[in-house]
Amino acid sequence: MTTAELKTEVVDGVGVLSFNRPHRHNAINDALFEDMCTVLRSYLHDPTVRCVLLRGEGPSFCSGRDTAELGQRANGEDDFTFVREHQRIRLEVLESPTPVVAAVQGAAIGGGFEIALSADIRILAENAVLGLPEVGLGLIPDTGGTQLLPALVGPSRAKYLVLSGARIGARTAYQWGLAEEIVPVDELQDRAMEFSRQIAAQPKLAMSIAKLLVNQASAGAIRNGIGQELIAQTALFTSEEYLDIKRNAPQQREEN
């Protein structure tokens, strides 16, 4: 399935999913989210897809939720249901035996950063910038950011990113353990595809079991923590702090 805002193809056992909203730094609106979920689920359940590659067209990987739809809920959906649906696809990626690789250039902010965090392997371009701005909006990361980060970088560095909203570059991300490789910008897509093909060529059963075994070290705690994110974020969407920020600075926000 390929749409105007999502490019897809399967090459040598690699299911490639490319966000294609470069004019918005691949910010995710509701339509793109639905298409992404459809394609990801089809890849994760397709026995011929042995690795998934997540990437973005243009200057950025994904800048998070599109601010044009910030706070909007389609079809009268409540905050709890909205956040839970976004968490559901993240958990499916984490728990699938199919390996997932993220090729990250430019901005990976908020929910875009969390998409990259849910991948098994992250390859960064030298210009990658990662950050979680949600606390500054009166919210929290709600699709695994508070849980996946400590597993990768430890609690102190996770708090540094989550509490301050600070952004870090590719070199720092690599030094902290958030990336497995850094490559020049113009080499990112070729290198990510080369690595994904290498993964896809591995014996599928052994590879799938190996991923699940490695995940066992933290899977239960992460799933439980993401459930806590859901409860906390639902409450924060009705808090006076968030509502004041939403009223007073509608054009300056970046969403998760």
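Residues numbered from 1 in each chain as written. Predicted model: local features only at pLDDT ≥ 70, side-chain atom pairs only at ≥ 80, totals over all residues. Heavy atoms only, no water.

As annotated in an unreviewed UniProt entry, the protein chain carries the name Enoyl-CoA hydratase EchA8 and is attributed to Mycolicibacter sinensis. For the record of the protein chain, the UniProt heading Sequence similarities (unreviewed entry) holds the text "Belongs to the enoyl-CoA hydratase/isomerase family." (UniProt positions renumbered as here; feature names shortened; annotations may be inferred.)

(A) Representation of the packing of aromatic side chains within the structure. The tally for this structure, following the rule as stated, stands at three aromatic pairs. With centroids separated by 5.8 Å and ring planes inclined at 75 degrees, the aromatic side chains of phenylalanine 19 and phenylalanine 61 adopt a geometry described as edge-to-face. Of this pair, phenylalanine 19 sits in strand 2 (residues 14-19) while phenylalanine 61 sits in the loop between strand 3 (51-56) and helix 2 (79-95), and the two are 42 residues apart along the sequence. Given a relative accessible area of 0%, phenylalanine 19 falls into the buried group. (Phe/Tyr/Trp six-rings, centres within 6.5 Å; stacked < 30°, edge-to-face > 60°. Helix = DSSP H or I, 4+ residues; strand = E, 2+ residues; numbered from the N terminus. Buried < 20%, exposed > 50% of the residue type's maximum accessible area, 1.4 Å probe, protein only.)

(B) Examining the sheet that holds strand 9 (residues 181-183) more closely. Pairing in this open sheet of six strands is mixed, and the strands run 1-2-3-4-6-9 from one edge to the other. Edge positions in the sheet fall to strand 1 (6-11) and strand 9, since each of these pairs with one other strand and no more. The mean angle between the axes of side-by-side strands here comes to 20 degrees, regardless of whether they run parallel or antiparallel. Sheet topology places strand 3 next to strand 4 (residues 100-104); three bridges connect them, and they run parallel. Pairing of leucine 53 across the sheet is with valine 101, part of strand 4. (Pairing = 2+ DSSP bridges. Axes fitted to C-alpha atoms, helices over the stretch in contact; angles between N-to-C directions.)

(C) Here's a closer look at the sheet that holds strand 8 (residues 167-169). Pairing within the open sheet is mixed, and its three strands lie in the order 5-7-8. In the strand order of this sheet, the two ends are held by strand 5 (107-109) and strand 8, each with one partner. Each strand of the sheet is rotated relative to its neighbour by a mean of 20 degrees, with strand direction disregarded. Pairing between strand 7 (residues 129-131) and strand 8: three bridges, direction antiparallel. Counted as the bridge partner of valine 129 is glycine 169 from strand 8.

(D) The pairing of strand 3, seen in detail. Strand 3 sits mainly inside the fold: six of its six residues count as buried. A two-sided burial pattern is seen for strand 3, the buried positions comprising Cys51, Leu53 and Arg55 on one face and Val52, Leu54 and Gly56 on the other. Of the pairings in the sheet, the one linking strand 2 to strand 3 comprises six bridges and is parallel in character. Its bridge partner lying in strand 3, valine 16 is registered against leucine 53. Chirality of the crossover, the property in question, places the unit of strand 2, helix 1 (residues 30-44) and strand 3 among those that are right-handed. (Right-handed = clockwise from strand over helix to strand, strands pointing away.)

(E) Just a nonpolar patch on the surface, in detail. Where nonpolar side chains cluster on the molecular surface, the patch consists of Leu205, Ile209 and Leu213 and spans about 330 Å² of accessible area. In this structure, leucine 213 sits in helix 8 (residues 204-215). (Patch = residues over 30% accessible without salt bridge, like charges linked within 9 Å, V, L, I, M, F, W, Y side chains within 5 Å. Areas by Shrake-Rupley, 256 points an atom, 1.4 Å probe, with all protein chains shown as cover. Salt bridge = Lys/Arg side-chain N within 4 Å of Asp/Glu carboxyl O.)

(F) Up close: helix 9 (residues 219-236). An ideal rise of 1.5 Å per residue puts 26 Å on 18 residues; helix 9 measures up with 26 Å between its terminal C-alpha atoms. Of all the positions in helix 9, only Ile222, Gly225, Ile226, Glu229, Leu230 and Gln233 are classed as buried. All buried residues of helix 9 fall inside an arc of 160 degrees around its axis, so they share one side. The outward face of helix 9, more than 90 degrees from its buried face, is lined by the exposed residues Gly220, Ala221, Asn224 and Ile231. On the buried face of helix 9, the contacting elements are helix 2 and helix 4 (145-153). (Expected span 1.5 Å × (residues − 1). Arc of directions from axis to C-beta. Contact = heavy atoms within 4.5 Å.)

(G) Structural context of the pattern of salt bridges. Summed over all chains, the structure comprises 16 salt bridges. A salt bridge links arginine 197 to aspartate 12; the nearest nitrogen and oxygen atoms lie 2.6 Å apart. On the criterion of sequence distance, the pair formed by arginine 197 in helix 7 (residues 188-200) and aspartate 12 in the loop between strand 1 and strand 2 is long-range, its members being 185 residues apart. For lysine 211, the salt bridge goes to aspartate 120, with nearest N and O atoms at 3.0 Å. Placement of the pair is lysine 211 in helix 8 and aspartate 120 in the loop between helix 3 (111-118) and strand 6 (121-125), with a sequence separation of 91 residues.

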